[in-house]
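Results of the structural survey
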Amino acid sequence: MSAPAESQPVARAGPCVITADLAAEDRRFRAALSSERKTTIARQLGVSLVALDSIGMGSADYDDLKGLRAGGDGWKGDCPRVVSSFPECDATGAVVGICFRADDGREGSPSGKVGARRGLIIPSTLPTRPDPVLLVEGPSGVAACETLGLASVGRPSNSSGGKFIAQLLARREALERA
């Protein structure tokens, strides 16, 4: 994959948009991940440590979440203290968002007010895996496929990511469960 593109400020009328360097945040979260946390999450999900490495798992804390104005279902008034992080990319591999998953299963992401948008979970092994590519939902689905040696790409939900998927897999055979 190509190197992630630098984030560019967004000029809009109306509310101020602060653009975060999501690729730099992702690198920082990966560096913050302890081997103990990664092992615990691998056991909980029933996936390999290598699978979590291939999808770029990291760790973010409460201050990171607040800095990125992150939110998710059930987060208002009860923001997690620590979450697992997974970079979400566009079809070129540039980090455009980050998926956060709390230990209790609640998911969230950075606010669009920091320049984030939803993207795909693209494992580092995708270019070397044979077709077909399975289209699954989220990082845990991709980690499960990675553990089994299957090519996959994760989308943020069952109805999103279509444009990026079409661009990324233009020359590949893909399967999606209806």
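About the cut-offs
Every residue gets a number counted from 1 within its own chain, in the order that chain's sequence is written. Where local features are concerned, this predicted model is filtered to residues with pLDDT of at least 70; where side-chain atom pairs are given and counted, the filter is 80 or more; whole-chain, interface and lining totals use all residues. Note that the side-chain values use all heavy atoms of the structure and ignore hydrogens as well as water. Secondary structure counts use DSSP, requiring at least four H or I residues in a row for a helix and at least two E residues in a row for a strand, with both numbered from the N terminus. Each residue is assigned to one of three classes by its accessible area relative to the maximum for its type, calculated with a 1.4 Å probe on protein chains only: buried under 20%, partly exposed between the two thresholds, exposed over 50%. Accessible surface area values rest on a Shrake-Rupley calculation with a 1.4 Å probe, where residue burial reflects the displayed protein chains alone. Pairing between strands requires that DSSP locate at least two bridges from one strand to the other. Note on contacts: a residue pair qualifies if any of its non-hydrogen atoms lie within 4.5 Å across the two residues. The axes used here are C-alpha line fits, helices contributing only the stretch in contact, and every angle between their N-to-C directions lies in the interval 0 to 180 degrees.

The next thing to look at is the overall build of the chain. What the chain contains, in helices and strands, is six helices and eight strands. Reading the chain from its N terminus to its C terminus gives the helix and strand order α-α-α-β-α-β-β-β-β-β-α-β-α-β. Out of the 178 residues in the chain, the part that is buried amounts to 46%. Put simply, the chain shows about 9400 Å² of open surface, and 52% of that area lies on carbon and sulfur atoms.

With that out of the way, let us pick up the sheet that holds strand E5 (residues 107–109). Spatial strand order, E1-E3-E4-E5-E2: five strands in an open sheet with antiparallel pairing. Edge positions in the sheet fall to strand E1 (58–61) and strand E2 (71–72), since each of these pairs with one other strand and no more. The pairing of strand E3 (residues 82–89) with strand E4 (residues 95–102) spans seven bridges and is antiparallel. Its bridge partner being in E4, valine 83 is matched across the sheet by alanine 102. Its contacts with the sheet put helix H1 (residues 22–32) on E1, E3 and E4, and the angle it makes with E4 is roughly 35°.

A few words on helix H5 (residues 138–148). Here H5 has its buried residues at Gly138, Pro139, Gly141, Val142, Ala143, Cys145 and Glu146. Lining the buried residues of H5 we find helix H3 (49–54), E3, E4, strand E6 (133–137) and strand E7 (152–155). Downstream of H5 by one or two residues, glycine 149 has phi in the positive range, about 80°.

Treat this as a map of the structure, not an account of what it does.
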